[in-house]
Amino acid sequence: MSVVVLAGVVVFLGALVQGAVGFGMNLIAAPLLALLEPAFVPVPLLLVASAHAVLAVLREHTDTDWRGVWWAMLGRVPGTVLGVVAVATVAQRPFAAIVGVSVLVCVVLSVLSWRPRPTPGSLLVAGIASGTFGTAASIGGPPLALLYQHEPGPRIRSTMAASFVIGSAISIAGLGIGGQLRPEQLRMVLWLLPFLLGGFLLSGPARRILDGGRIRGAVLVVAAGSATTLIARSLLG
């Protein structure tokens, strides 16, 4: 039971960050849950994060950039294929380090001078990067979040959530077809749902604080944290 409570606290924190910023659940939850109990990753965490994304879309659905979502999803499909190829053919630790460095470079450029905009072309590229990075290195959020960093907080969160709902639905369907969904995983999800809801509800006041001119900084901090964590994991094994 103590493991379940600790896992719940981790999910609570991940839900709080993702609910306030728009992404970051994997940054917090994936490595810690893997240490606590490997069975929590990846399927139960994916299902829990999917529930969070649905709640986020419902909360701020009027701000979702659906046009941007579909362009990003168009790129996510070939990106996912590239990610699968990378997993099968490339050494994972060096590849993860390259991904982390790439995200950090984008963060630094954003701070210095780069001002990305969510145009169809950039969204397609971000979708490809998100699919590749997410599949091969579990860091799919930053490419899309960096593209929307100058947009209002509600638009960032709802668009990221809508993209995750669609992307995770595809992943869950694939896992189901592959026979990877089991009853005990659903029980684990039920244990974690109260913690998820608590973090999501607390993210309401937190997002109002960030929306007061702090959302871009939060996006850059979480993106840099994701990249740094990935680099550290690749170097330390």
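Residues numbered from 1 in each chain as written. Predicted model: local features only at pLDDT ≥ 70, side-chain atom pairs only at ≥ 80, totals over all residues. Heavy atoms only, no water.

- Looking up the protein chain in an unreviewed UniProt entry gives the name Probable membrane transporter protein, with the organism given as Saccharomonospora amisosensis.
- Check the Sequence similarities (unreviewed entry) section of the UniProt entry for the protein chain; it says "Belongs to the 4-toluene sulfonate uptake permease (TSUP) (TC 2.A.102) family."
- Recorded in UniProt for the protein chain, the comment headed Subcellular location (unreviewed entry) runs: "Cell membrane". (UniProt positions renumbered as here; feature names shortened; annotations may be inferred.)

A word on the overall build of the protein chain
Okay, step 1: When helices and strands are tallied, the protein chain shows 10 helices and 0 strands.
Okay, step 2: Against the 2.2 N^0.38 benchmark of 18 Å for 237 residues, the protein chain shows a C-alpha radius of gyration of 17 Å, consistent with a compact globule.
Okay, step 3: Taking the principal axes of its C-alpha atoms as reference, the protein chain extends roughly 50 × 45 × 35 Å.
Okay, step 4: Across the 237 residues of the protein chain, 46% fall into the buried class.
Okay, step 5: About 11000 Å² of surface is accessible on the protein chain, with carbon and sulfur atoms providing 74% of the total.
Okay, step 6: Taking the 15 positively charged and 7 negatively charged side chains of the protein chain as two groups, their mean positions are separated by 5 Å. (Helix = DSSP H or I, 4+ residues; strand = E, 2+ residues; numbered from the N terminus. Rg over C-alpha atoms; globule rule 2.2 N^0.38 Å. Buried < 20%, exposed > 50% of the residue type's maximum accessible area, 1.4 Å probe, protein only. Areas by Shrake-Rupley, 256 points an atom, 1.4 Å probe, with all protein chains shown as cover. Lys, Arg positive; Asp, Glu negative; His and termini not counted. Charge placed at Lys NZ, Arg CZ, Asp CG, Glu CD.)

Notes on the pattern of salt bridges
Okay, step 1: Tallied over the full model, the rule gives 7 salt bridges.
Okay, step 2: For Arg155, the salt bridge is made with Asp65, and the minimal N-O distance between the two is 3.5 Å. One end of the pair, Arg155, is in helix α8 (residues 153-177); the other, Asp65, is in the loop between α3 (43-59) and α4 (66-89), with 90 residues separating them in the sequence.
Okay, step 3: Overall, the relative accessible area of 27% leaves Arg155 in the partly exposed class.
Okay, step 4: For Arg117, the salt bridge goes to Glu151, with nearest N and O atoms at 3.9 Å. Residue Arg117 is located in the loop between α5 (92-112) and α6 (120-137), and its partner Glu151 is located in the loop between α7 (141-147) and α8; the two are separated by 34 residues in the primary sequence. (Salt bridge = Lys/Arg side-chain N within 4 Å of Asp/Glu carboxyl O.)

Some words on the nonpolar core
Okay, step 1: Val21 and Phe23 are the most contacted members of the largest nonpolar core, which totals 42 residues.
Okay, step 2: When residues of this core are assigned to their parent elements, the largest contribution, 9 residues, is made by helix α10 (residues 215-236).
Okay, step 3: Val21 has contacts with Ile156, Arg157, Leu210, Ile215, Ala218, Val219 and Val222, leaving out every residue within four places of it along the chain.
Okay, step 4: If you look at the next biggest cluster of nonpolar residues, it comprises 18 residues, including Met25, Leu45, Val48 and Val189. (Core = buried A, V, L, I, M, F, W, Y, C linked by side-chain atoms within 4.5 Å. Contact = heavy atoms within 4.5 Å.)

Description of a nonpolar patch on the surface
Okay, step 1: A grouping of Val101, Val105, Leu109 and Trp114 is seen on the molecular surface, where their side chains present a nonpolar patch of about 330 Å² in accessible area.
Okay, step 2: Structurally, the position occupied by Val105 is in helix α5. (Patch = residues over 30% accessible without salt bridge, like charges linked within 9 Å, V, L, I, M, F, W, Y side chains within 5 Å.)

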